[in-house]
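# Residue-level structure breakdown
Chain residues, written in single-letter form:
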Amino acid sequence: MSKVLLVEDDPVVQAALVHALTDLGHDVRAVGTAVAALREAGTREPDLVILDLGLPDLDGVAALRMLRGISDVPVIIATARGGESSVVGSLNAGADDYIVKPFSAEHLAARINALLRRTTGSARTDHPDLVTVGELRVDLAQRQVFRADQPVALSRREFDLLAYLAQRPNRVVPRRELFQAVWGQPYLGDDKTIDVHVSWLRSKLGETAAKPRHLHTVRGVGFKLVAPE
């Protein structure tokens with residue numbers, strides 16, 4: 001049974017989702033404000049958070065940024081805001097998924113299950129220098145990568161790129177952050193260096209942009225590394 005924190009200020013919507021998700025086997029705790037959500041996230045340690053953006057005390061994106069300061073818990077944005085800027089802003093702030101109201105409880109449940117599967121399948125091992133994401137095993141100390149137990153030869157920059165993403169599984173890493181972390185330079189916005197290296201990395205991992213398995217592009221935002229479903 002997964003612990004789900006539902007942050008929704010509409011009492012009708014909140015009650016309906018609590019009922020539906022509880023019937024589907026989730027342990028649901030519901031709150032209606034950002035302050036209550038941050039308190040719950042810090043004390044109850046949920047497995048997943050469903051966050052509305054239109055909260056009465058604080059904008060949901062601001063609440064998400066504050067949440068990311070205390071937790072890496074997977075977050076699904078569930079909101080009536082369907083504009084691209086809202087989607088991009090939420091993903092940049094640290095959301096893992098985004099769903100636009102109105103939606104069915106079954107649709108939301110499918111998103112929850114998919115995200116929890118990816119989170120469960122993408123975890124750091126007990127060895128702090130070894131990160132496993134799906135079929136990929138990244139040895140940070142030895143600077144080695146294995147895919148399905150087969151070694152993958154990477155250049156220094158390709159390894160740094162993969163290692164940075166692997167240490168943040170299921171998280172969308174913005175281009176600006178990735179460029180500054182891996183290349184140590186400010187991102188100017190029109191540099192194709194990241195795209196070229198991602199293309200090379202995908203090729204060595206046996207993937208393509210059209211059929212990604214581990215390394216996914218989030219259009220207009222950045223990249224994320226996930227365990228294949």
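Just so you know, the residues in each chain are numbered from 1, in the order the chain's sequence is written. Per-residue local features of the predicted model are confined to residues with pLDDT of at least 70, and side-chain atom pairs are confined, for both listing and counting, to 80 or more; whole-chain, interface and lining totals are unaffected and use all residues. No hydrogens and no water enter the side-chain calculation; it runs on all heavy atoms of the structure.

This paragraph deals with the confidence of the model for the protein. When pLDDT drops low, the exact placement of atoms in the prediction is not to be read closely. Note: pLDDT gives the predictor's confidence per residue, expressed from 0 to 100. Mean pLDDT over the protein: 88, with 94% of residues reaching 70 or higher. By definition in these notes, contact holds between two residues if any of their heavy atoms fall within 4.5 Å. Below pLDDT 50 for its whole length, residues 122-126 participates in 13 contacts with residues either more than four positions away or in separate chains.

Once that is clear, we can look at helix α1 (residues 11-23). Numbered from the N terminus, helices here are DSSP runs of H or I no shorter than four residues, and strands are runs of E no shorter than two. A helix is expected to reach a length of 1.5 Å times the quantity of its residues less one. Counted at 1.5 Å a residue, the expected span for α1 with its 13 residues is 18 Å, and the 18 Å between its end C-alpha atoms agrees. Throughout this description, buried means an accessible area under 20% of the type-specific maximum (1.4 Å probe, protein chains only), exposed means over 50%, and partly exposed covers the range between. Within the span of α1, buried status applies to Leu17, Ala20 and Leu21. The buried residues of α1 occupy an angular sector of 90° when the element is viewed end-on, so they sit on one face. Residues of α1 that are exposed and point more than 90 degrees away from the buried face comprise Pro11, Val12, His19 and Asp23. Pairing of N or O atoms within 3.5 Å defines a polar contact, subject to two protein rules: one partner must be a possible hydrogen donor and the other a possible acceptor, and residues neighboring in sequence count only if both atoms are side-chain atoms. For α1, the side-chain oxygen to backbone nitrogen distance between the N-cap and Val12 is 2.9 Å, and the N-cap itself is Asp10. Just downstream of α1, Gly25 is the residue with a positive phi angle, here 100°. The directions considered for the arc are those from the helix axis to the C-beta atoms.

Two strands pair under a simple rule: DSSP has to find at least two bridges between them. Reading across the sheet, the three strands line up as β11-β13-β12 and stay open at both edges, with antiparallel pairing between neighbours. Both outer strands of the open sheet, β11 (173-174) and β12 (215-218), are each paired with one neighbouring strand and no more. One ladder, built from two bridges, connects β11 with strand β13 (residues 222-225); its direction is antiparallel. Paired with Pro174 across the two strands is Gly222, which belongs to β13. Sitting on the sheet, helix α6 (residues 156-166) is in contact with β11, β12 and β13, with an inclination near 70° to β13. Lines fitted to the C-alpha atoms define the axes, with helices restricted to the stretch that makes contact. Angles between their N-to-C directions range from 0 to 180 degrees.

Turning to the pattern of salt bridges, a few remarks are in order. Think of a salt bridge as a Lys or Arg side-chain nitrogen and an Asp or Glu carboxyl oxygen that are within 4 Å of each other. Counted according to the given criterion, the structure contains 14 salt bridges. Arg81 is the partner of Asp59 in a salt bridge, and the nearest nitrogen-oxygen pair spans 3.1 Å. Of this pair, Asp59 sits in the loop between β3 (48-51) and α3 (60-68) while Arg81 sits in the loop between β4 (75-79) and α4 (84-93), and the two are 22 residues apart along the sequence. Among the charged side chains, a salt-bridge network with shared partners connects Glu8, Asp52 and Lys101.

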